[in-house]
Amino acid sequence: MTIDRANMSYWSGPATATQGGGTFVPGQPTAAQRVSLSATRVAFSHVAIAGVNNCNWRPTLTMSIPFAGVTTGTYTGVITHSVA
């Protein structure tokens, strides 16, 4: 059984640590702004300032398990973060 990625929700939350200048803007600062993972999402954006800039965050994932067709077992998944 596959649980579709549209059943997964994500929110980045605030930055837990930052390095460098500029402003780090969370894509989804709170649970109220959570988004489905049915498409590519932006976790953070940055108002650029030259030099080394990075941030850490602790995202939250939730899964809505469909009532029909789901069996007991172990389910696995992969979340990939990339820098554009």
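Peer 1: What am I meant to see in the overall build of the protein here?
Peer 2: Helix and strand counts for the protein come out as 0 helices and 7 strands. For the protein, the spread of C-alpha atoms along the three principal axes comes to 50 × 25 × 20 Å. Buried residues in the protein amount to 17% of all 84 residues.

Peer 1: Explain the sheet that holds strand E7 (residues 60-63) here, please?
Peer 2: Strands pair in a sheet through their backbones, by hydrogen bonds, and they do so in one of two ways: parallel or antiparallel. Reading across the sheet, the 3 strands line up as E4-E1-E7 and stay open at both edges, with antiparallel pairing between neighbours. Of all the strands in the sheet, the pair left with one neighbour each is strand E4 (35-36) and E7. Here strand E1 (residues 8-11) pairs with E4 via 2 bridges, running antiparallel. Bridge assignment links Tyr10 to a residue of E4, and that residue is Val35.

Peer 1: Could you clarify how one ought to interpret the layout of surface pockets in this entry?
Peer 2: The gaps of empty space that remain are located by a probe, the size of a water molecule, rolled over the atoms. The space that makes up the largest pocket amounts to roughly 1,100 Å³. The set of elements that each furnish at least two residues to the lining of the largest pocket consists of E1, strand E5 (44-47), strand E6 (54-57) and E7. Looking at the lining of the largest pocket residue by residue, the classes come out as 19 nonpolar, 11 polar and 3 charged.

Peer 1: Whenever I open this one, the side chain of Gln28 confuses me. Can you help?
Peer 2: Here Gln28 shows up in the loop between strand E3 (23-26) and E4. A polar atom in the side chain of Gln28 sits 3.2 Å from the backbone nitrogen of Ser12. Discounting residues that sit within four places of it in the chain, Gln28 has contacts with Tyr10, Trp11, Ser12, Gly13, Gln33, Val35, Arg41, Val42 and Ala43.

Peer 1: Sorry, what's going on with the packing of aromatic side chains here?
Peer 2: For any pair of aromatic rings, the description rests on two quantities: the centre-to-centre distance and the angle between the ring planes. Taken as a whole, this structure holds 1 aromatic pair when the rule is applied. Judged by centre distance (5.2 Å) and plane angle (40 degrees), the rings of Phe44 and Trp57 are tilted. Taken together, the residues span a long stretch of sequence, with Phe44 in strand E5 and Trp57 in strand E6 at a distance of 13 residues. Taking relative accessible area as the criterion, Trp57 reaches 26% and is therefore assigned partly exposed.

About the cut-offs
Residues numbered from 1 in each chain as written. Predicted model: local features only at pLDDT ≥ 70, side-chain atom pairs only at ≥ 80, totals over all residues. Heavy atoms only, no water. Helix = DSSP H or I, 4+ residues; strand = E, 2+ residues; numbered from the N terminus. Buried < 20%, exposed > 50% of the residue type's maximum accessible area, 1.4 Å probe, protein only. Pairing = 2+ DSSP bridges. 1 Å grid on protein atoms, 1.4 Å probe; cavity = no way out; pocket = protein on both sides within 12 Å on 5 of 7 lines; lining within 4 Å. Points joined across faces, edges and corners; volume = space filled by probe spheres on them. Nonpolar A, V, L, I, M, F, W, Y, C, P; charged D, E, K, R; others polar. Polar contact = N/O pair within 3.5 Å; in protein donor to acceptor, adjacent residues only side chain to side chain. Contact = heavy atoms within 4.5 Å. Phe/Tyr/Trp six-rings, centres within 6.5 Å; stacked < 30°, edge-to-face > 60°.

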